[in-house]
Amino acid sequence: QVQLVESGGGLVQPGGSLRLSCITHGNIFSIYSMGWYRQAPGSEREQVAVDITGGITRVADSVKDRFTITRDNAKNTIDLQMNSLKPEDTAKYYCNALIRTIQGGPVRNYWGQGTQVTVSA
């Protein structure tokens, strides 16, 4: 069974930085995309940044100048570096990946359990 495990969340002051990591576990034949989403209480889950296999990266306008993603295709991991954090960045952050687990099998979305990021003075 494929599992995505996030880490790195915590409480930081406005203007601070955090680096989130997502590690994959289990059988993986191919990953077609990996990315980060976030969801605040009472709000819809929103896409933060996604890396599509083949060299395409999409980053939300709200974080484009402050957040960057780094994907390691060999290790099947992806990190989210968050700088100049704002209170509105407070949310639970989820790792997502589009994965084929076995040759000839289906491609499915997988989600991590999430890691909480709280930005407050």
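Just so it is clear, the structure is predicted and the values come from calculations on it, not from any experiment.

A separate point is the overall build of the chain. Scanning the chain for helices and strands turns up zero helices and 11 strands. Taken from the N to the C terminus, the helices and strands of the chain come in the order β-β-β-β-β-β-β-β-β-β-β. Structurally, the chain occupies a C-alpha span of about 50 × 25 × 25 Å along its principal axes. The proportion of buried residues among the 121 residues of the chain is 40%. Summing over all exposed atoms, the chain offers an accessible surface of approximately 6600 Å²; the carbon and sulfur share of this is 47%. Charged side chains in the chain number 12 positive and 10 negative. The centres of these two groups are separated by 6 Å.

To continue, consider the pattern of salt bridges. Counted by the stated rule, this structure contains six salt bridges. Note that D89 and R38 form a salt bridge whose closest N and O atoms lie 3.0 Å from each other. Of this pair, D89 sits in the loop between β8 (77–82) and β9 (91–100) while R38 is found in strand β4 (residues 30–39), placing the two residues 51 residues apart along the sequence. The burial state of D89 is the same as that of R38; both residues are buried. Its salt-bridge partner being R71, residue D51 comes within 2.8 Å of it at the nearest N-O pair. Of this pair, D51 sits in strand β5 (residues 46–52) while R71 sits in strand β7 (residues 67–72); the two residues are 20 residues apart in sequence, bridging distant segments of the chain. A relative accessible area of 14% means that D51 is categorised as buried. Taken together, the salt bridges that share partners define one network made up of R38, E46, R66 and D89.

Turning our eyes to something else, we now look at the state of the cysteines. Counted according to the given criterion, the structure contains one disulfide. At a sulfur-sulfur separation of 2.0 Å, the disulfide partner of C22 is C95. Given an S-S torsion of about -80°, the disulfide between C22 and C95 has left-handed geometry. Here C95 lies in strand β9 and C22 lies in strand β3 (residues 18–25), a separation of 73 residues in the sequence. Exposure class is identical for C22 and C95. Each is buried.

Let us look at the packing of aromatic side chains. The description of an aromatic ring pair rests on the distance of the ring centres and on the angle between the ring planes. One pass over the structure, following the stated rule, counts one aromatic pair. The positively charged end of R45 is found above the aromatic ring belonging to W111, 4.7 Å away from the centroid.

A few words on the nonpolar core. Counting 27 residues, the largest nonpolar core has L4, W36, V48, F67, L80, M82 and Y93 as its most contacted members. Put simply, the parts of the chain that give this core at least two residues each are β3, β4, β5, β7, β8, β9 and β11 (115–119). For V48, the residues in contact, after removing those within four places along its chain, are W36, Y37, R38, R58, V59, A60, V63, F67, L80 and Y93.

Before going further, it helps to spend a moment on the environment of D65. Counting through the fold element by element, D65 comes out in the loop between β6 (56–59) and β7. As a C-alpha pair, D65 and E44 span 21 residues in sequence and 22 Å in three-dimensional space.

Reading the values: the criteria
Residue positions are given per chain, counting from 1 as you read along its sequence in written order. Since the coordinates come from a predicted model, pLDDT governs what is reported: local features require at least 70, and pairs of side-chain atoms require 80 or more to be given and counted, while whole-chain, interface and lining totals use all residues. Excluded from the side-chain calculation are hydrogens and water; included are all heavy atoms of the structure. Secondary structure is summarised from DSSP: a helix means a run of H or I of at least four residues, a strand means a run of E of at least two, and numbering begins at the N terminus for each. Here the term buried applies to any residue with accessible area under 20% of the maximum for its type, exposed to any over 50%, and partly exposed to those in between, with areas from a 1.4 Å probe on protein chains only. Surface exposure here means Shrake-Rupley accessible area, sampled with a 1.4 Å probe, where a residue is shielded only by the protein chains that are shown. Charged residues are defined narrowly, with Lys and Arg counted positive, Asp and Glu counted negative, and His plus the chain ends left uncounted. The atoms used to mark charge sites are NZ of Lys, CZ of Arg, CG of Asp and CD of Glu. Here a salt bridge means any side-chain nitrogen of Lys or Arg lying within 4 Å of a carboxyl oxygen belonging to Asp or Glu. A pair of cysteine sulfur atoms is labelled a disulfide when the two atoms are within 2.5 Å. Note on ring pairs: Phe, Tyr and Trp rings are taken, using the six-membered ring of Trp, and paired if centres are within 6.5 Å. Classes follow the plane angle, with under 30 degrees stacked, over 60 edge-to-face and the rest tilted. In this scheme, Lys NZ or Arg CZ marks a charge over a ring once it lies within 6 Å of the ring centre and within 35 degrees of the ring normal. The nonpolar core is taken to be a set of buried Ala, Val, Leu, Ile, Met, Phe, Trp, Tyr and Cys residues, with the residues joined through side-chain atoms within 4.5 Å. Here, two residues are considered to be in contact whenever any of their heavy atoms come within 4.5 Å of each other.

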